[in-house]
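Below are the chains, spelled out letter by letter.
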Amino acid sequence: MNESRICIALDFKTKSDVENFLKQFEGESLYVKVGMELFYGEGIEIIKMIKEMGHKIFLDLKLHDIPNTVKSAMRQLAKLDVDMVNVHASGGIEMMKAAIEGLEEGKTSGKRPLCIAVTCLTSLDQDVLDNQLLIHEPLENVVLKWAENAKAAGLDGVVCSPLESKIIHDHLGKEFLTVTPGIRLASDNVNDQKRVTTPAMAKELTSSYIVVGRTITGSQDPLATYKKVYQDFQGE
Ligand code: C5P
């Protein structure tokens, strides 16, 4: 198998839930996403445990603060030797540059963690942009401009919908990573995701990485479901 580009969202509450879940994947090299709930609840012990199991980690903490604070925080996160971290693009170019500087300063190996930017949260829509944030531009333009800013700041890519992936790659090059949640198998319940895409469609739409949570974590047979997702997204 090639290196996995499927980030399994470990949206669990405790370290033992994660441990029990990951036990089912013995022998597999996974890429997993640790979010705020798990990290704030379990701290760096959860990172250590997952690294000892040999998996890659996307630490999804979405930093957003003044540049100096983001830089110092990223210096600390880099010391955890995770593989990917993120910031909000709405913090601006200077903040994103500071994130990269912090990662470079804190890195423990030759390579800093990848750093990607959240553009517009999928919970925002045009109405919120217009009437709460007073951004009177079509949402698509905002996503593209903030992705451009992320690239200008030296970031490696963005979190976005698979449906936005192609236009971002067309404008910013295919090396600029698109990390895309909102993935479901055709047989799944959609839950609370509004616009969903299958792994095969995400491949077609040029997603660099897909983030998959409940489709795998809530499955009767997580390993078999992971293999199906892998085959559809990364299979030849
Ligand atoms: O279970 P599901 O596949 O919907 O999980 C998707 C993961 O991606 C969750 O951890 C969720 O917080 C995250 N995410 C998302 N939509 C975004 C950004 C992140 O679903 N726009």
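Just so it is clear, the model here is predicted, and its values are computed rather than measured.

Cut-offs and rules
- Residues numbered from 1 in each chain as written.
- Predicted model: local features only at pLDDT ≥ 70, side-chain atom pairs only at ≥ 80, totals over all residues.
- Heavy atoms only, no water.
- Helix = DSSP H or I, 4+ residues; strand = E, 2+ residues; numbered from the N terminus.
- Rg over C-alpha atoms; globule rule 2.2 N^0.38 Å.
- Buried < 20%, exposed > 50% of the residue type's maximum accessible area, 1.4 Å probe, protein only.
- Contact = heavy atoms within 4.5 Å.
- Areas by Shrake-Rupley, 256 points an atom, 1.4 Å probe, with all protein chains shown as cover.
- Lys, Arg positive; Asp, Glu negative; His and termini not counted.
- Charge placed at Lys NZ, Arg CZ, Asp CG, Glu CD.
- Salt bridge = Lys/Arg side-chain N within 4 Å of Asp/Glu carboxyl O.
- Near = heavy atom within 4 Å.
- Polar contact = N/O pair within 3.5 Å; in protein donor to acceptor, adjacent residues only side chain to side chain.
- 1 Å grid on protein atoms, 1.4 Å probe; cavity = no way out; pocket = protein on both sides within 12 Å on 5 of 7 lines; lining within 4 Å.
- Sits in = over half its atoms within 2 Å of the grid points.
- Nonpolar A, V, L, I, M, F, W, Y, C, P; charged D, E, K, R; others polar.
- UniProt positions renumbered as here; feature names shortened; annotations may be inferred.
- Points joined across faces, edges and corners; volume = space filled by probe spheres on them.
- Pairing = 2+ DSSP bridges.
- Right-handed = clockwise from strand over helix to strand, strands pointing away.

**With respect to the overall build of the protein**
- Tallying secondary structure elements over the protein gives 11 helices and eight strands in all.
- Since a compact globule built from 236 residues should have a radius of gyration of about 18 Å, the 17 Å found for the protein is in line with a globular shape.
- Burial statistics for the protein: of 236 residues in total, 48% are counted as buried.
- Contacts spanning at least 24 positions in sequence make up 67% of the contacts within the protein whose residues lie at least 6 apart.
- By element, 49% of the accessible surface of the protein is carried by carbon and sulfur atoms, the whole surface being about 11,600 Å².
- Where the 27 positive side-chain charges of the protein centre and where its 34 negative ones centre are 3 Å apart.

**Details of the pattern of salt bridges**
- Per the counting criterion, the structure on display carries 17 salt bridges.
- Residues D81 and K51 are paired through a salt bridge, measuring 3.5 Å at the closest nitrogen-oxygen approach. Of the two residues, D81 is situated in the loop between α4 (67–79) and β4 (84–88) and K51 in helix α3 (residues 44–52); the sequence distance between them amounts to 30 residues.
- Given the relative accessible area of 31%, K51 is considered partly exposed.

**Digging into the site of the ligand**
- Neighbouring the ligand are the residues A9, D11, K33, T122, P181, R184, Q193, V211, V212, G213 and R214.
- Within the side chain of T122, a nitrogen or oxygen atom sits 2.8 Å from a nitrogen atom of the ligand.
- Between the ligand and G213, the relevant distance is 2.8 Å, taken from an oxygen atom to a main-chain nitrogen or oxygen of the residue.
- In isolation the ligand offers 460 Å² of accessible surface; the protein chains occlude 81% of this area.
- When atom positions are compared with the pocket grids, the ligand is found to occupy the largest pocket.
- Its residues placed into classes, the shell around the ligand shows four nonpolar, three polar and four charged.

**Some thoughts on the UniProt feature "active site" (unreviewed entry) in the protein**
- Look at the UniProt record and you will see "active site" (unreviewed entry) annotated at D60, K62 and D65. Among the residues just listed, D60 and K62 line the largest pocket.
- Tracing the sequence through the fold places D60 in strand β3 (residues 56–63).
- Judged by relative accessible area, which is 7%, D60 ranks as buried.
- Residues contacting D60, with those up to four places away along its chain left out, are K33, V34, G35, M36 and N86.
- By secondary structure assignment, the location of D65 is in the loop between β3 and α4.
- Those residues in contact with D65, other than ones at most four positions away along the chain, are V70 and M95.

**Quick word on the layout of surface pockets**
- There is about 1,300 Å³ of room inside the largest pocket.
- Along its surface, the largest pocket is lined by 42 residues, and T122, S123, P181, G182 and Q193 are the ones closest to its centre.
- When its residues are assigned to classes, the lining of the largest pocket shows 19 nonpolar, 10 polar and 13 charged.
- In this structure, the second largest pocket spans a volume of roughly 210 Å³.
- Here the lining of the second largest pocket is built from residues that sort into five nonpolar, one polar and eight charged.

**So, the pairing of β3**
- Where burial is concerned, most of β3 is hidden: six out of the eight residues are buried.
- Here strand β2 (residues 31–34) pairs with β3 via four bridges, running parallel. Looking at the pairing, V32 lines up with I57 of β3.
- For the crossover from β3 across α4 to β4, the handedness is right-handed.

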